[in-house]
Amino acid sequence: MKSAYQRWIIRAYRITNEKWIGISISEFERLISNKNIVIQRIRHKHQLLDPKPDTIIYKDDVLVIMGQHGIILDSLFSIGPEILDEDLLNFPLAHLDVTITNKAIEGITVKALRKASFYHGLMLNKITRENHEIPLESRTVLNRGDILNLSGRPAKLEEAAKEIGYLDRLTPETDIIFVGLGIVLGGLLGLLSVTLFGVSVTLTTSGGALVMGLIFGWLHSRTPVFGKIPEPALWIFDNVGLAAFIGLVGLAAGPSFISGLKETGFGILLAGVAVALIPHIIGMYFGRYVLKINPLILLGAQTGAGTSTIGLKAVQDAVGSKFPVLGYTIPYALANILLTAFGPILVGMMS
């Protein structure tokens, strides 16, 4: 089920206040909450018009205004009475995802995006980076591969998508060739091994698949026309696949764990706790006092370094913000590679 709350609402207002008569649409949007509203349609006398930035507002024009609840309730009561005009309000409105691939958009802020000419008539609902929603703030910097969920007229969305990157049309199909090629190449990479200090080091097939997954994921972010996987399939990989993997590892390690516990005693449990906690404690102090990292981003980086998506969710819930995810993605990817690659090295060192 979906939440009853909607970030954006649409209302129709008749302009009767002299302050707003004779100005352009772009000036009207700028004066009210710095472009956090959009004029979607106008009824001028008996005509229904699709407004342009330079369209002039006349007395008794009816404007269809799209904006956030707070702005609609707090800022628009003075422009004139709200009315019900079914013909005027009956128009198509789409909600689509657009992936950033254009170098001109990469590195700019949300505030700068909203000032772009092609953005007029659109609303930004959320930003997704590496399958995690990041904060929607004016100062948020956009990266290549970020997915923008935009609302607006279909024609405007098509026009904006050409300037931003790739318009992601929902499809239930998975690009099997792309996914299969990544698995095959990952398996071949995992067969390779090198000898260091007498220890044979290999990524194994799972590690090779992980590395190729990172490479192919990067390729997908650069050219999203390839490698499409529907969200439900990703959910199965992330949740069911991970749970099955952990369960199988636990079943396989159970007998050796019990025998090891009998031989070494409960000290091995304390050693495990120390190994799990000490690196994060050192990382927290080093990141905060040496690197001067923002505490919220640092907490996200620590959960990524520990490959703990559950930990990231707990941090986000505790601080009531999505900012920690900004530090999560890169440490998470690196930790997964190192976890796989260093396993055989550690075993060889202990044997």
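Attention in this report is confined to the structure presented alongside it. Throughout this description, residue numbers start from 1 for each chain and increase along the sequence as written. Whole-chain, interface and lining totals are the exception, using all residues; otherwise, since this is a predicted model, local features are given only for residues with pLDDT of at least 70 and side-chain atom pairs are given and counted only at 80 or more. Computation of side-chain values covers all heavy atoms of the structure but excludes hydrogens and water.

Observations regarding the overall build of the chain
We apply this condition: Think of it this way: any DSSP run of H or I at least four residues long counts as a helix, any run of E at least two long counts as a strand, and we number them from the N terminus. Residue burial is assigned from relative accessible area. The probe radius is 1.4 Å, only protein chains are included, and a residue is buried under 20% of its type maximum, exposed over 50%, and partly exposed in between. Contacts were defined at the residue level, with two residues in contact if any of their heavy atoms lie within 4.5 Å. Residue-level accessible areas treat just the shown protein chains as cover; the underlying method is Shrake-Rupley with a 1.4 Å probe.
Looking only at helices and strands, the chain has 12 helices and 12 strands in total. Every one of the 351 residues in the chain was classed for burial, and the buried ones make up 34%. A separation of at least 24 residues holds for 73% of the contacts in the chain among residues at least 6 apart in sequence. Taken as a whole, the chain presents about 21,100 Å² of accessible surface, with 65% of it coming from carbon and sulfur.

Describing unusual backbone geometry
Comment: phi is negative for the bulk of residues other than glycine, and the bulk of peptide bonds are trans. The phi torsion at K45 lies on the positive side, around 60°, for a residue other than glycine. Looking at the element boundaries, K45 is found in the loop between β2 (37-44) and β3 (47-49). Look at D60: it is not a glycine, yet its phi comes out positive at around 70°. Structurally, D60 can be placed in the loop between β3 and β4 (62-68).

Things to note about the pairing of strand β7 (residues 123-129)
To keep it simple, the criterion reads: Whether two strands pair comes down to DSSP finding at least two bridges between them.
Extensive coverage of β7 is indicated by the burial of 6 of its 7 residues. As paired elements, β7 and strand β9 (residues 147-152) share 5 bridges and run antiparallel to each other. Among the inter-strand pairings, T128 is bridged to a residue of β9, identified as I147. In the sheet, β7 pairs with strand β8 (residues 132-134) via 3 bridges, with the strands oriented antiparallel. Across the sheet, the residue bridging to I127 is I134, located in β8. In sequence, β7 turns back onto β8 through a hairpin of 2 residues, with E130 there showing a positive phi of about 55°.

Digging into helix α6 (residues 176-191)
The test is simple: Take the number of residues in a helix, subtract one, and multiply by 1.5 Å to get its expected span. As used here, the arc belongs to the directions running from the helix axis to the C-beta atoms.
A rise of 1.5 Å per residue sets the reference length of α6, with its 16 residues, at 22 Å; its end C-alpha atoms lie 23 Å apart and thus fit the reference within 8%. Along α6, the positions that sit buried rather than exposed are F178, G182, G186, G187 and G190. One side of α6 carries all its buried residues, which in axial view fall inside an arc of 165°. Opposite the buried face of α6, at more than 90 degrees from it, the exposed residues are I176, I177, L188 and L191.

Let's talk about the sheet that holds strand β1 (residues 8-14)
Here 5 strands make up an open sheet; going across it, the order is β3-β2-β4-β1-β5 and the pairing antiparallel. Looking at strand neighbours, the two that pair on one side only are β3 and β5 (82-83), the edges of this open sheet. Bridge analysis of β2 against β3 gives 3 bridges, and the strand direction is antiparallel. Considered in β3, the bridge of I42 is made with L49.

Remarks on helix α7 (residues 204-222)
The end-to-end C-alpha distance of α7 is 27 Å, a good match for the 27 Å that 19 residues give at a rise of 1.5 Å each. Along α7, the positions that sit buried rather than exposed are G207, G208, V211, M212, F216 and S221.

Brief notes about the sheet that holds β9
Strand-to-strand pairing in sheets goes through backbone hydrogen bonds, with the strands running parallel or antiparallel. Defined as follows: Structural elements are reduced to axes, namely lines fitted to C-alpha atoms, with helices fitted over the stretch in contact, and the angle between N-to-C directions of any two is expressed from 0 to 180 degrees.
The 5 strands are arranged β8-β7-β9-β6-β10 in an open sheet whose pairing can be described as antiparallel. Only two strands of the sheet have a single neighbouring strand rather than two, namely β8 and β10 (165-168). For this sheet the average axis-to-axis angle between neighbouring strands, irrespective of direction, equals 35°.

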